[in-house]
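Observations on the three-dimensional arrangement
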Amino acid sequence: MSSEPQVRRRRVFYIPGYDPIPPRRYRELYRKESAAQAAISGYEINVLQAKAQARFGWNVSAQIEGAEVESAVEVLVWSDIVKGSMDQGILATYVQLIRTAAIYIGTGALFRLMRLRKGPVIAALYPVGFLLVQLGIAFMVAWGLGRVLALWHPWAAWGGLGVVPFILEWFRRLDGRFFAYYLMHDYAYSARYLGANPPELEARMAEFTAEIAQALQGDCDEVLVVGHSSGAHLGVSILADLIRGGQVPKHGPALSFLSLGQVVPMVSFLPCAHRLRADLAYLSARDEVTWVDVTAPGDGCAFALCDPVAVSGVAPKDKRWPLVISAAFTQTLSAERWRALRWRFFRLHFQYLCAFDRPGDYDYFRVTAGPLTLAARFRDRPPSKSRIERATSRYTSLAP
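Let me sum up the structure you'll find in this document.

The rules behind the values
- Residues numbered from 1 in each chain as written.
- Predicted model: local features only at pLDDT ≥ 70, side-chain atom pairs only at ≥ 80, totals over all residues.
- Heavy atoms only, no water.
- Phe/Tyr/Trp six-rings, centres within 6.5 Å; stacked < 30°, edge-to-face > 60°.
- Helix = DSSP H or I, 4+ residues; strand = E, 2+ residues; numbered from the N terminus.
- Buried < 20%, exposed > 50% of the residue type's maximum accessible area, 1.4 Å probe, protein only.
- Lys NZ or Arg CZ within 6 Å of the ring centre and 35° of its normal.
- 1 Å grid on protein atoms, 1.4 Å probe; cavity = no way out; pocket = protein on both sides within 12 Å on 5 of 7 lines; lining within 4 Å.
- Points joined across faces, edges and corners; volume = space filled by probe spheres on them.
- Nonpolar A, V, L, I, M, F, W, Y, C, P; charged D, E, K, R; others polar.
- Pairing = 2+ DSSP bridges.
- Contact = heavy atoms within 4.5 Å.
- Axes fitted to C-alpha atoms, helices over the stretch in contact; angles between N-to-C directions.
- Parallel < 35°, antiparallel > 145°, perpendicular 65-115°, else oblique.
- Left-handed = near helix turned anticlockwise from the far one by under 90°.

**Observations regarding the packing of aromatic side chains**
The relation between two aromatic rings is expressed through the spacing of the ring centres and the mutual angle of the planes. Tallying each qualifying case throughout the model produces 21 aromatic pairs. An angle of 80° between the planes, with centres 5.0 Å apart, marks the rings of Tyr 30 and Phe 365 as edge-to-face. Pair noted here: Tyr 30 is in helix 1 (residues 24–41) and Phe 365 is in helix 17 (residues 364–369), with a separation of 335 residues, a long-range link. Relative to Tyr 189, the ring of Trp 78 has its centre 6.5 Å away and its plane inclined at 35°; by these criteria the two rings are tilted. Of this pair, Trp 78 sits in the loop between strand 4 (67–75) and helix 2 (79–86) while Tyr 189 is found in helix 8 (residues 180–191), placing the two residues 111 residues apart along the sequence. In terms of burial, Trp 78 and Tyr 189 fall into one category: buried. Ring pairing ties together the aromatic residues Tyr 18, Trp 78, Phe 179, Tyr 182, Tyr 189 and Phe 346, which thus form one cluster. Lying across the ring of Tyr 26, Arg 25 places its NZ or CZ 5.7 Å from the centre. One Lys or Arg, Arg 25, reaches over the ring of Phe 350 and ends 4.7 Å from the middle of that ring.

**Brief notes about the layout of surface pockets**
Its boundaries defined by the atoms lining it, the largest pocket holds a volume of some 740 Å³. Breaking the lining of the largest pocket down by element, the ones donating at least two residues are helix 1, helix 8, helix 11 (265–268) and helix 16 (345–349). Here the lining of the largest pocket is composed, by residue class, of 19 nonpolar, seven polar and eight charged.

**A few points about the pairing of strand 2 (residues 44–48)**
Burial along strand 2 is one-sided: the face carrying Ile 45 and Val 47 is buried and the face carrying Glu 44, Asn 46 and Leu 48 is not. Relative to strand 3 (residues 57–64), strand 2 runs antiparallel, the two being bridged by five bridges. The residue bridging Glu 44 from the neighbouring strand is Gln 63, located in strand 3.

**Looking at the side chain of Ser 79**
Of note, Ser 79 is situated in helix 2. With residues near it in sequence (within four places) discarded, Ser 79 still touches Asp 19, Pro 20, Ile 21 and Pro 23.

**Quick look at the packing of helix 9 (residues 199–215) against helix 10 (residues 231–244)**
The interhelical angle for the contact between helix 9 and helix 10, taken along N-to-C directions, is 55°, at an axis separation of 9 Å. With respect to helix 10, the axis of helix 9 lies oblique. In the crossing of helix 9 with helix 10, the sense of the turn from one axis to the other is right-handed. Listed contacts from helix 10 to Leu 201, Met 205, Phe 208, Thr 209, Ile 212 and Ala 213 of helix 9 are Leu 234, Ser 237, Ile 238, Asp 241 and Leu 242. The residue makeup of the contact of helix 9 with helix 10, split by class, is eight nonpolar, two polar and one charged.

Written out as structure tokens, the structure is:
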């Protein structure tokens, strides 16, 4: 790996996953975790108030690897779309449950996904199972109350059913602990059009594409797109559109794509995900971009070390990307830290954006605020030996 500084100014575009939380959460996470990583790794990094930007973001001033670097980070916000898709009543959520389960089971996608990694499939089945458990508890309480009421009058037993909606509403109010409704809406949103993007999301992605294209006309040294979780497959399509549209200047900034904790197969394995599969195949062979995919087997919510292009069955003969590497949580987190986080599944899914107390060659803050482009930083990094590349999807068509 070259230590020669290549980047003085960088634009970073962060694409969140399916998350209704306002983007300031990501600024505060970056502020806290970058300070922790800097203290561990011995560099300086400061999060500053953003200058005039089209979207929410922040500036970063860093001294890393003997160089001073300025980075401007922007969050490509689609949390309003997420909130709108989550605005469902209890009954509508159970209808979503039935429809989403029928789609993944009926298309065979669920069983093929299980051949890759059981962790994210279990995560997908969890909201189905837990919502059914909630419904079962509600009816059990209703039955017990009905037996009591029946002592007064046989027909009064039916009155026990009146408690069902109140119990279900109580569970929903506690979803900040259980995440059952949140995850159900997440998977339902991906499955709603059988893998195709909803129109409102396509329109927002077009806005993101235009904004990144504008940044490529600027005087920065690197434009880095970071896609986390379901934001990773949005990043694939956005960058594919950008390159197809001829919006990457030959002598402009380096264009880089970092996908983190990706769940691409949850969408690409669905029958109507023609757009995503075509974008995966296209982007994987382009020399205008450097694409590094980082996951970790310890992240039970991601398809760890699954090459998203290859497992989707769309790898072209001239495939170059992504470089699939592991964040190796069991090695980059101390034993004490790993024990503290091991069963906090949702927290681990965000570990890629956080500090490591035994950092390896992946360091989110060196990537986003350091002096090397993504290509230079991972030039000598071989792909993970334990990566999964076997084509597993039943659906591989690139057009309807």
